[in-house]
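# Coordinates in review
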Amino acid sequence: MSQPARTPDPHIVLYDTMQRQKVPFTPSTPGHVGMYLCGPTVYSDAHLGHAKKEVAFDVVRRTFEHFGYRVRFVANITDVGHLQDDSDDGEDKMLARARLEKLEPMEVADKYFWSFFKDMDDLNVRRPSINPRATGHIQEQIALIQELIERGHAYESGGSVYFDVRSWPEYGKLSGRKLDDQEEGTRETVREEKRDPRDFALWKRAEPEHLMRWDSPWGVGFPGWHIECSAMSLKYLGEGFDIHGGGLDLQFPHHEAEIAQAEAAGHAFARYWMHNNMLTVNGEKMSKSKGNFTTIQDVLKKYDPMVVRFLLVSSHYRSVTEFGEEPFESAKNGYRRITEALGNLERALKDAPEGTDAALDARVAAHVRAFEDAMRDDFNTPKAVAALFGLTGDVNAALNLNQGRVGRASLEAALDAYRTLGGGVLGLFAETGAAAQDDSEVVDALMDLVLKARQNYRLQKQYAQADELRDTLTRVGVTVEDTKDGVRWKR
Ligand SMILES: Nc1ncnc2c1ncn2[C@@H]1O[C@H](COP(=O)(O)OP(=O)(O)OP(=O)(O)O)[C@@H](O)[C@H]1O
Ligand SMILES: [Zn+2]
């Protein structure tokens, strides 16, 4: 159902990491929001930690749209290999992967670029308005580095270019780190090139074995870790754009460096900074390099994507989400409660009497208000989910009390609340979710056929074929049990 255009809501409050407090949001251009989000480095499959971040900012975007704003959402793809550690040292991650998989580096980038978007589609994360890739913006990065050199905030050394942190006293303002607390570069040769060990690379000279390389005024090389985001956010969102987002782990050094690069070159950078907290495993950040990750595709073998999304929005974006069986099981039950009520509503609507139910109307309106208040207050999704549960309780109570016969207009208002808030804002009712659960009749019929075929194989002593059927079912999460009362299956 298309919504009437709404006047942009002026009462949204968000937690700005820079100001270290919740502040009212005012856009730089009335009615518009420009957002930039640091995207993945595409050298392996996305894990559930990435999903937490992507879902969090997808919800922020959807919330602004719900409240009447037009959003330009720019999220980059890092396809220039980064060096393995933050001190401009170590091997290039993309190159290491290319060696391992015997692929061109760009083949690695493309493979994981597509798998990233497949995962995001599954999780009903909307695609960015613009999705710039670092390798497509080398010119812009070189131009920004040149501006920094001209203004005396960067210097060339041995074919590489470094940002001169001593020339920019504001370096450290986002994370609150003092220069003296910052770590030093490791390798001797890297240290010798820098005026100060805390200077970071804007451009790196390419060693002969380095495959991703471009010409530059300083010789053949590749851009440093941080410069792409300064260059691409300014290019597509302009001076003083509204919101910059990313994971809390990127606050230092990545975001600190992004700010320094842009501002030292004379640009106005992001006006608000938003950071999501981490998805953890036994209290530790889930991460590719730590190896403690579970890929999104592995999780989706077991759980409906909408259950995964429900789990993620059930905790606040600034809280830690702990990964495990138990939270998933309770998300599954919670999500089912909501979709069952939605199903009851849809069924009741088929032959609902005309008219309204004033009591239900008042309850629905109160839950809609609670949901919207929660989302206006720094995107408080756990409170918003609580409002959906409140709605669910009242819808079920009204239907039970009246044996399913409640005035059509009131049922429609309740359904609209589910669709706009649970569906539109939280993104919880993609086809993959509620609709997929309605396939049970088809699945039952197909299972009858498959089990009959398996029985026939066994009668004809074709055990290999019978086992193959059973193994295929196991792979897709269906278990078959032979009991004395016959064959049973479950998923
Ligand atoms: N466990 C996590 N929880 C929430 N966000 C995460 C998590 N891991 C990564 N992110 C976010 O995803 C984005 C891309 O992260 P990145 O590609 O560096 O993943 P990573 O697993 O941390 O990789 P690496 O271990 O190689 O640094 C960043 O914004 C980062 O903050
Ligand atoms: Zn970035």
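Only a predicted model underlies this, so the values are computations on that prediction, with no experimental measurement involved. (Residues numbered from 1 in each chain as written. Chains lettered and ligands numbered in written order. Predicted model: local features only at pLDDT ≥ 70, side-chain atom pairs only at ≥ 80, totals over all residues. Heavy atoms only, no water.)

## Quick look at the site of ligand 1
Going by this rule: Residues are classed as near a molecule or strand on a simple rule: at least one heavy atom within 4 Å of it. For this analysis, a polar contact is any N or O atom pair within 3.5 Å, provided that within protein one partner can donate a hydrogen and the other can accept it, and provided that sequence-adjacent residues contribute only side-chain to side-chain pairs. Residue-level accessible areas treat just the shown protein chains as cover; the underlying method is Shrake-Rupley with a 1.4 Å probe. Put simply, DSSP H or I for four residues or longer makes a helix, DSSP E for two residues or longer makes a strand, and each gets a number counted from the N terminus. For this classification, the nonpolar set comprises Ala, Val, Leu, Ile, Met, Phe, Trp, Tyr, Cys and Pro, the charged set comprises Asp, Glu, Lys and Arg, and every other residue, Gly included, is treated as polar.
Lining the immediate environment of ligand 1, one finds 21 residues, of which His47, Asp249, Lys285, Lys288 and Ser289 sit closest. Between Asn276 and ligand 1, the recorded distance is 3.4 Å, taken from a side-chain N or O atom to a nitrogen atom. A distance of 2.8 Å separates a nitrogen atom of ligand 1 from a polar atom in the backbone of Met286. Contact with the protein chains hides 93% of the accessible area of ligand 1, taken as 600 Å² for the molecule alone. Considering each element in turn, the shell around ligand 1 owes the most residues, 3 residues, to helix 1 (residues 48–66). Residues that form the shell around ligand 1 fall into these classes: 6 nonpolar, 10 polar and 5 charged.

## Some details on the coordination of the zinc ion (ligand 2)
Quick reminder of the rule: Here a donor is an N, O or S atom found within 2.8 Å of the metal, or within 3.2 Å if the metal is Na, K or Ca; sites may look incomplete because water is not among the atoms. A site with four donors is called tetrahedral when every donor-metal-donor angle falls between 85 and 135 degrees; four donors are called square planar, and six octahedral, when opposite donors sit more than 155 degrees apart and all other angles fall between 65 and 115; any other arrangement is irregular. The buried label goes to any residue with under 20% of its type's maximum accessible area, the exposed label to any with over 50%, and the partly exposed label to all in between, with areas taken from a 1.4 Å probe on protein chains only.
Bound to the zinc ion (ligand 2) are the protein donor atoms Cys38 (SG), Cys229 (SG), His254 (NE2) and Glu258 (OE), situated 2.1 to 2.5 Å from the metal. Considering all 4 donor atoms around the zinc ion (ligand 2), angles at the metal cover 77 to 130 degrees and the coordination shape is irregular. All donors of the zinc ion (ligand 2) come from a single chain, and their spacing in sequence reads C-x190-C-x24-H-x3-E. Note that Cys229 is positioned in helix 6 (residues 227–237) and Glu258 in helix 7 (residues 251–264), a separation of 29 residues in sequence. Of the residues examined, Cys229 reaches a relative accessible area of 1% and is grouped as buried.

## Thoughts on the sheet that holds strand 8 (residues 160–163)
The criterion, for reference: Strands were regarded as paired on the criterion that DSSP finds at least two bridges between them. Helix axes use the C-alpha atoms of the stretch in contact, all axes being lines fitted to C-alpha atoms, and the angles between their N-to-C directions lie in the range 0 to 180 degrees.
In spatial order, the strands read 7-8-9-10; together these 4 strands make up an open sheet with antiparallel pairing. Edge positions in the sheet fall to strand 7 (154–157) and strand 10 (221–223), since each has one partner strand and no second. In this sheet, neighbouring strand axes are inclined to one another by 20 degrees on average, regardless of whether the strands run parallel or antiparallel.

## Re the side chain of Ser115
Relative to the helices and strands, Ser115 is located in helix 3 (residues 105–122). From its side chain, Ser115 meets the backbone oxygen of Tyr112 in a polar contact 3.4 Å long.

## Side note on helix 4 (residues 138–150)
Given 3.6 residues per turn, any residue in an α-helix points the same way as the ones three and four places further on. What counts, and what does not: Between the first and last residue of a helix there are one fewer steps than residues, each counted as 1.5 Å, and that sum is the expected span. In this context, the arc is that of the directions from the helix axis out to the C-beta atoms. Residue contacts are defined here by distance: any two heavy atoms, one from each residue, within 4.5 Å place the two residues in contact.
Its 13 residues place the ends of helix 4 18 Å apart at the C-alpha level, agreeing with the 18 Å of an ideal helix rising 1.5 Å per residue. Taken as a whole, helix 4 has its buried residues at Ile138, Gln141, Ile142, Leu144, Ile145 and Leu148. One face of helix 4 carries all of its buried residues, which in axial projection span an arc of 160 degrees. Of the exposed residues in helix 4, the ones pointing more than 90 degrees away from its buried face are Gln139 and Glu150. Buried residues belonging to helix 4 abut strand 7, strand 8, strand 9 (200–205), strand 10, helix 6 and helix 7. Positioned one or two residues after helix 4, Gly152 has a phi angle of 80 degrees, which is positive.

## Some details on the pairing of strand 12 (residues 272–276)
Defined as follows: Here the term right-handed applies to a crossover when the path leading from its first strand over the helix to its second strand runs clockwise, the strands being oriented away from the viewer.
A large share of strand 12 lies buried, amounting to 5 of its 5 residues. Burial along strand 12 is two-sided: Tyr272, Met274 and Asn276 facing one way and Trp273 and His275 facing the other are all buried. Handedness of the crossover joining strand 11 (residues 243–247) and strand 12 through helix 7 is recorded here as right-handed.

## Looking at helix 1
Taking 1.5 Å of rise per residue, the 19 residues of helix 1 would be expected to cover 27 Å, and the 26 Å separating its terminal C-alpha atoms lies within 8% of that figure. Of all 19 residues that make up helix 1, 18 are buried, and the element is covered over most of its length. Just downstream of helix 1, Gly68 is the residue with a positive phi angle, here 95 degrees.

## Considerations on the sheet that holds strand 13 (residues 279–281)
In space, the 3 strands of this open sheet follow the order 14-13-15, with mixed pairing throughout. Both edges of this open sheet fall to strand 14 (284–285) and strand 15 (321–322), since each of them pairs with a single strand only. Looking at chain direction, strand 13 and strand 14 are connected through 2 bridges and run antiparallel. Directly across from Val281, in strand 14, lies its bridge partner Glu284.

## Quick word on the packing of helix 9 (residues 305–313) against helix 10 (residues 325–350)
The axes of two packed helices give the description: the angle between them and the distance between them. Note the cut-off: An angle counts as roughly parallel when it lies under 35 degrees, as roughly antiparallel when it exceeds 145, as roughly perpendicular when it falls between 65 and 115, and as oblique in every other case.
Between helix 9 and helix 10, the least distance of the axes is 9 Å, while the angle of their chain directions is 105 degrees. Considering the angle they form, helix 9 stands roughly perpendicular to helix 10. In this structure, helix 9 uses Met306, Val307, Val308, Phe310 and Leu311 to contact helix 10, whose residues at the interface are Pro327, Phe328, Ala331, Lys332, Gly334, Tyr335 and Ile338. Here the residues of the contact of helix 9 with helix 10 are counted per class, giving 10 nonpolar, 1 polar and 1 charged.

## Quick word on the pairing of strand 7
Looking at chain direction, strand 7 and strand 8 are connected through 4 bridges and run antiparallel. By the bridge assignment for strand 8, Ser157 is matched with Ser160. Adjacent in sequence and paired antiparallel, strand 7 and strand 8 are bridged by 2 residues, among which Gly158 carries a positive phi angle near 60 degrees.

## Re the environment of His226
You can see His226 is positioned in the loop between strand 10 and helix 6. Separated by 205 residues in the primary sequence, His226 and Gln21 place their C-alpha atoms 26 Å from one another. Excluding residues within four positions of it along the chain, His226 makes contact with Phe200, Pro253, His254, Ala257, Glu258 and Gln261.

## Details of the pattern of salt bridges
We count it as follows: The rule for a salt bridge is simple: a side-chain nitrogen of Lys or Arg has to be within 4 Å of a carboxyl oxygen of Asp or Glu.
Applying the stated criterion to the full structure yields 35 salt bridges. We note a salt bridge from Lys53 to Glu54, for which the minimum N-O separation is 2.9 Å. Classification of Lys53 by relative accessible area gives buried; the value is 9%. Two residues, Arg470 and Asp482, come together in a salt bridge whose shortest N-O distance is 3.4 Å. Here Arg470 is found in helix 16 (residues 463–475), whereas its partner Asp482 is found in strand 16 (residues 479–483), with 12 residues between them in sequence. Here the salt bridges share partners, and the residues they tie into one network are Arg454, Arg458, Arg470 and Asp482.

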